[in-house]
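# Summary of structural features
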Protein chains: 2
Amino acid sequence: MEEFEKKIGIKFNNIKTLENAFVHRSYLNENKEKFSQHNERMEFLGDAVLELCATDFLYKNFPQKKEGELTAIRSALVNTESLCNAAKKLNLEENLLMSKGESLEKKGRNHILANTFEALVGAIYLDGEKDGFFKAYTFLENFLFDYAFEIVEKNLFRDPKSYFQEIAQEVIPATPEYKLISEKGPDHDKNFIVGAYIGDEKISEGEGKSKQKAEVDAAKKALIKKGWE
Amino acid sequence: MEEFEKKIGIKFNNIKTLENAFVHRSYLNENKEKFSQHNERMEFLGDAVLELCATDFLYKNFPQKKEGELTAIRSALVNTESLCNAAKKLNLEENLLMSKGESLEKKGRNHILANTFEALVGAIYLDGEKDGFFKAYTFLENFLFDYAFEIVEKNLFRDPKSYFQEIAQEVIPATPEYKLISEKGPDHDKNFIVGAYIGDEKISEGEGKSKQKAEVDAAKKALIKKGWE
């Protein structure tokens, strides 16, 4: 744990708080004498700390962007994949306490690593007391938030419809249109099928519970069809 | 604005930040010379501040509750209805700048009031700089968080299935069971109908996109049927 403190540049007031961030539910069941709780309450706290730090960081670093776009960038910044990558850079797996029988398959493991990262953020926040928020913020600046600039530069956050329109206008140039193809089911459970068109050519079809969702789905498929993704 | 500062007990460094929290999108369109932006970026920030303050408050005030229950309490604490009530107590409507033509119907108006409350939290956080987080936290303790105790005391957060089971075990006593009645539609768009039973008696039917959702729906309806809601 002391090595880990050095790695992240934070000295904990109570080292037990840091240790607790690494206790997976599966480990607790087999080691009840060592720890009184697993890391899920801390993850609950860390998730909200992460959310505010990320929001503040994006709000201040991208003053020209509107709230809709900021929301999309934030989603890309704090999703499982992004947190899992940050967890891997810090080699959190090395410190993680979990039952040996626990999910080793990739999807489950990535999820556990992302959750551990959130629990760690919660532990830093909690242990730092009055300075906890700033300590957690600095930690995230050091180990996660650089990725925000990459997300923006590489358009990793764009919603498919805007992105499809932007490229179509640049490449063809033409503006895509969406037309309703069919609408099925009772009012509370409708299913829409929508086509994405450039001129008269139908590029793709998408489906969804609302026209908007079906259009987004169609735009995604059109990007793939055109090799623009 | 100075009267409002007194009401909430916060002196702003820059009064324009406070004013900006009250600028609805519809007002900006008609008064571009007075304000350069509406309050939606600030609401984006305030929403995340509120989320962390509420999470921290619940984490510390309900140490026995697990993360699942804390999540349910938090949802009840920060939903539109709850924020709208807080906004009404502060009489935010009096300060709100919006186009006269804008939605006066109840649902839309409540939504706008709740958003203004979030924008106000964002303004307090932003204007307070290093102390912003603590100022916003104190503000929320004064004007919103008391409601958390009412939510817990009156069980306003319980998930319907647990609540139905608890009451049935107490009143009858018996444990409700759920049985699948039908399952329709293709794999990506299934619809389940489930019955909630006490012994052999079917109390209600619920439907949903998953068995779990259909069961929750059935439990809700059973609570109503039994007059236990």
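The model shown is predicted, which means the values in this text are computed figures rather than measured ones.

The rules we used
- Residues numbered from 1 in each chain as written.
- Chains lettered and ligands numbered in written order.
- Predicted model: local features only at pLDDT ≥ 70, side-chain atom pairs only at ≥ 80, totals over all residues.
- Heavy atoms only, no water.
- Pairing = 2+ DSSP bridges.
- Helix = DSSP H or I, 4+ residues; strand = E, 2+ residues; numbered from the N terminus.
- Axes fitted to C-alpha atoms, helices over the stretch in contact; angles between N-to-C directions.
- Least-squares fit on C-alpha atoms with pLDDT ≥ 70 in both.
- Contact = heavy atoms within 4.5 Å.
- Buried < 20%, exposed > 50% of the residue type's maximum accessible area, 1.4 Å probe, protein only.
- pLDDT = per-residue confidence, 0-100.
- Buried area = accessible area lost by both parts, 1.4 Å probe.
- Salt bridge = Lys/Arg side-chain N within 4 Å of Asp/Glu carboxyl O.
- Polar contact = N/O pair within 3.5 Å; in protein donor to acceptor, adjacent residues only side chain to side chain.
- Core = buried A, V, L, I, M, F, W, Y, C linked by side-chain atoms within 4.5 Å.

Quick look at the sheet that holds strand S2 (residues 191–198) of chain A now. Residue and element names in this part refer to chain A. One open sheet accounts for three strands, arranged S1-S2-S3; its pairing is antiparallel. Among the strands making up the open sheet, the edge pair consists of strand S1 (177–184) and strand S3 (201–208). Each neighbouring strand pair of the sheet contributes to a mean axis angle of 25 degrees, computed without reference to strand direction. Relative to S2, S1 runs antiparallel, the two being bridged by seven bridges.

What follows covers the relation of the copies chain A and chain B. If you rotate chain A by 180 degrees and push it 0.2 Å along the axis, it lands on chain B with an RMSD of 0.2 Å. Such values leave the two copies arranged in the relation of a two-fold axis. Rotation axis and chain A: the residue whose C-alpha lies nearest the axis is Leu-52 of chain A, separated from it by 3.3 Å. The residues that chain A uses at the interface reappear at the interface of chain B in 97% of cases, marking a shared surface.

For the rest of this paragraph, the subject is the environment of Ala-218 of chain A. Residues and elements named next belong to chain A. One can find Ala-218 in helix H11 (residues 211–225). Remark: the alpha-carbon pair of Ala-218 and Ala-196, spanning 22 residues in sequence, is separated by 5.8 Å. With near-sequence residues (within four places) excluded, Ala-218 lies in contact with Tyr-178, Val-194, Ala-196, Ser-204, Glu-205 and Gly-206.

A few words on the sheet that holds strand S2 (residues 191–198) of chain B. Residue and element names in this part refer to chain B. Taken in spatial order, the three strands make up an open sheet running S1-S2-S3, and their pairing is antiparallel. If you trace the sheet from one side to the other, it starts and ends with strand S1 (177–184) and strand S3 (201–208), each paired once. Within the sheet, the average angular offset between the axes of one strand and its neighbour, ignoring direction, is 25 degrees. Most of the contacts of helix H11 (residues 211–225) go to S3, to which it runs at about 135 degrees, and overall it touches S1, S2 and S3.

Below, the discussion takes up the side chain of His-24 of chain B. Mapping His-24 of chain B onto the fold places it in the loop between helix H2 (15–20) and helix H3 (25–30). Once you skip the residues sitting within four places of it in the chain, His-24 of chain B turns out to touch His-38, Asn-39, Leu-97, Met-98, Glu-102 and Ile-112 of chain B.

Attention now moves to helix H6 (residues 80–89) of chain A. If you check which residues of H6 of chain A are buried, you get Ser-82, Leu-83, Cys-84, Ala-86 and Ala-87 of chain A. One or two residues past the end of H6 of chain A sits Asn-91 of chain A, with phi positive at roughly 55 degrees.

All names here are of chain A. Counting all residues, the mean pLDDT for chain A is 90, and 97% of those residues have values of 70 or more. Of all helices and strands in chain A, the one with the weakest mean pLDDT is helix H10 (residues 160–171) (82), whereas helix H8 (residues 132–143) scores best (98). Interface predicted TM-score (ipTM) for the complex: 0.74; the corresponding pTM is 0.75.

This part takes up the interface of chain A and chain B. If you look at the interface, chain A gives 33 residues, while chain B gives 32 residues. Summed over both sides, the interface of chain A with chain B buries roughly 2900 Å², with 62% coming from carbon and sulfur. For chain A, the biggest contributors to the area lost against chain B are Arg-41, Phe-44 and Tyr-59 of chain A; these three give 30% of the whole. Scanning the region where chain A abuts chain B turns up zero salt bridges. If you look at where chain A meets chain B, you find 10 residue pairs in polar contact (both at pLDDT 80 or more). The set of elements that each furnish at least two residues to the side of chain A that touches chain B consists of helix H4 (40–61), helix H5 (67–78), helix H7 (106–127) and H8 of chain A.

Time to look at unusual backbone geometry. Residue and element names in this part refer to chain B. Phi angles above zero are rare outside glycine, and Asn-91 is one such case at about 55 degrees. With respect to the helices and strands, Asn-91 occurs in the loop between helix H6 (80–89) and helix H7 (106–127). Exposure remark for Asn-91: the relative accessible area of 34% places this residue in the partly exposed category. The phi angle at Glu-129 is positive, at roughly 50 degrees, despite the residue not being glycine.

For the rest of this paragraph, the subject is the pairing of S2 of chain A. In the case of a regular strand, side chains alternate between the two sheet surfaces. Residue and element names in this part refer to chain A. The buried fraction of S2 is high, at seven of eight residues. Across seven bridges, S2 lies against S3 in antiparallel orientation. Bridge pairing links Ile-198 to Glu-201 in S3. The turn linking S2 back onto S3 is made up of two residues, and Gly-199 within it adopts a positive phi angle of 60 degrees.

Let us now look at the nonpolar core. Core analysis: the biggest nonpolar cluster contains 102 residues, and Phe-117, Phe-139 and Phe-145 of chain A together with Phe-117, Phe-139 and Phe-145 of chain B have the highest contact counts within it. Apart from the residues within four sequence positions on either side, Phe-145 of chain B is in contact with Leu-50, Cys-53, Ala-54, Phe-57, Leu-77, Tyr-137 and Leu-140 of chain B.

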